[in-house]
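Each chain, letter by letter, is given below.
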Amino acid sequence: MQSFDKITGVVAPLNRPNIDTDQIVPKQFLKRVERTGFGRFLFHDWRYHPDGSPQSEFVLNQREYEGAAILAAGKNFGTGSSREHAAWALMDYGFRAILAPSFADIFYNNCLQNGILPVVLDEEAIERIHHNAQSVSGYRLTVDLNEQRVSDNNGFAAEFEINPFHRHCLLNGLDEIALTLEYEDAIAAFERGRAEWLNSSEPDVREQLHEVYN
């Protein structure tokens, strides 16, 4: 998993509440077996007309938000199904941080597992970010996980909370597999010992192990 320390990037404002995962990546694109390539399907039904042409009024199709790395959304972002594809699509598009007043729980955890930082800010702070992003061309924010702080160059700053364990994992690029591999030596030692027990020549030990593992 890609680690997250601090980023500075253009902010794309998507000031809509209750954006669900079917809007983030519609169900017809879930047949892919890869975890990459979903960026082009992100917000598909809002980004494109039925004939495939871009909807010019949608934020991600507007020139001033090209290359945006930070998405400022409305409350309850990521509601709906538990599809991890939503996080994959956001990451593949280029978003590394999502700012919102609140997130759906499963989506929030899916972001953390895929190297995206979901930042909860109060509604007043989010409204100010939306206003700035809509009125200042190329508006940029710095999201600093070490300091747990979001700021711009014009005096705006807001701190955010995050679980210390999640913070550690993001800073070090650790998903669940990587966390497990930190104990690889201990796991290998356990497996070596287990093999010795299973191959024991003592009949009573073999019978006990047979009951346990069968």
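It should be noted that the structure appears before, not after, this text.
In this report, we go over the structure that sits alongside the text. All figures in this text were calculated on a predicted structure; none of them were measured in a lab.

What follows deals with the sheet that holds strand 1 (residues 6–14). A sheet is described by the order of its strands in space; here seven strands give the open sequence 4-3-2-1-5-6-7, paired in mixed fashion. With partners counted over all chains shown, the strands left at the sheet margins are strand 4 (117–120) and strand 7 (157–159), one partner each. Neighbour-to-neighbour, the strand axes of this sheet turn through a mean angle of 25°, independent of strand direction. In the sheet, strand 5 (residues 140–144) pairs with strand 6 (residues 149–151) via three bridges, with the strands oriented antiparallel. For Val143, the partnering residue across the bridge sits in strand 6 and is Val150. Most of the contacts of helix 5 (residues 123–135) go to strand 1, to which it runs at about 85°, and overall it touches strand 1, strand 2 (70–73), strand 3 (97–100), strand 5 and strand 7.

Another point: unusual backbone geometry. Of note, Phe43 is a non-glycine position whose phi angle comes to about 50°, a positive value. Within the secondary structure, Phe43 sits in the loop between helix 1 (21–24) and helix 2 (44–47). Residue Asn76 is not a glycine yet carries a positive backbone phi of 60°. Looking at the secondary structure, you find Asn76 in the loop between strand 2 and helix 3 (85–93). Residue Asn76 is classed as partly exposed on the basis of its relative accessible area, which comes to 26%.

It is worth spelling out helix 6 (residues 164–172) at this point. Capping of helix 6 at its N-terminal end is provided by Asn163; its side-chain oxygen lies 2.7 Å from the backbone amide nitrogen of Phe165. Just past helix 6, the residue Gly173 takes up positive phi, approximately 65°.

Formed by 60 residues in total, the largest nonpolar core has its most connected members in Phe43, Phe77, Leu90 and Val143. Here Leu90 is in contact with Ile24, Leu42, Phe43, Leu71, Phe77, Phe95, Ile98, Phe107 and Ile116, once residues within four sequence places are set aside.

To continue, consider the layout of surface pockets. Over the atoms, a rolling probe the size of a water molecule traces out where space has been left empty. Approximately 180 Å³ is the volume attributed to the largest pocket. What lines the largest pocket is simply Met1, Gln2, Arg35, Thr36, Ala87, Trp88, Met91, Asp92, Gln113, Asn114 and Asp175. The biggest single contributor to the lining of the largest pocket is helix 3, with four residues. By residue class, the composition of the lining of the largest pocket is four nonpolar, four polar and three charged.

It is worth spelling out the pattern of salt bridges at this point. Per the stated rule, a full pass over the model turns up three salt bridges. Its salt-bridge partner being Arg83, residue Asp22 comes within 3.0 Å of it at the nearest N-O pair. Here Asp22, found in helix 1, pairs with Arg83, found in the loop between strand 2 and helix 3; they are 61 residues apart in sequence, far enough to count as distant. With relative accessibility at 16%, the residue Arg83 sits in the buried group. Across the salt bridge formed by Glu84 and Arg35, the nearest N and O atoms sit 3.9 Å from each other. Of the two residues, Glu84 is situated in the loop between strand 2 and helix 3 and Arg35 in the loop between helix 1 and helix 2; the sequence distance between them amounts to 49 residues. A residue is classified by how much of its surface remains accessible, and Glu84, at 27% relative accessible area, is partly exposed.

Taken together, the side chains of Asp122, Glu123, Glu124 and Glu127 present a region of like negative charge at the surface. Tracing the chain through its elements places Glu127 in helix 5. Relative accessible area serves as the criterion here: at 52%, Glu127 is assigned to the exposed category.

What counts and what doesn't
Residues numbered from 1 in each chain as written. Predicted model: local features only at pLDDT ≥ 70, side-chain atom pairs only at ≥ 80, totals over all residues. Heavy atoms only, no water. Pairing = 2+ DSSP bridges. Helix = DSSP H or I, 4+ residues; strand = E, 2+ residues; numbered from the N terminus. Axes fitted to C-alpha atoms, helices over the stretch in contact; angles between N-to-C directions. Contact = heavy atoms within 4.5 Å. Buried < 20%, exposed > 50% of the residue type's maximum accessible area, 1.4 Å probe, protein only. Polar contact = N/O pair within 3.5 Å; in protein donor to acceptor, adjacent residues only side chain to side chain. Core = buried A, V, L, I, M, F, W, Y, C linked by side-chain atoms within 4.5 Å. 1 Å grid on protein atoms, 1.4 Å probe; cavity = no way out; pocket = protein on both sides within 12 Å on 5 of 7 lines; lining within 4 Å. Points joined across faces, edges and corners; volume = space filled by probe spheres on them. Nonpolar A, V, L, I, M, F, W, Y, C, P; charged D, E, K, R; others polar. Salt bridge = Lys/Arg side-chain N within 4 Å of Asp/Glu carboxyl O. Patch = residues over 30% accessible without salt bridge, like charges linked within 9 Å, V, L, I, M, F, W, Y side chains within 5 Å. Areas by Shrake-Rupley, 256 points an atom, 1.4 Å probe, with all protein chains shown as cover. Lys, Arg positive; Asp, Glu negative; His and termini not counted. Charge placed at Lys NZ, Arg CZ, Asp CG, Glu CD.

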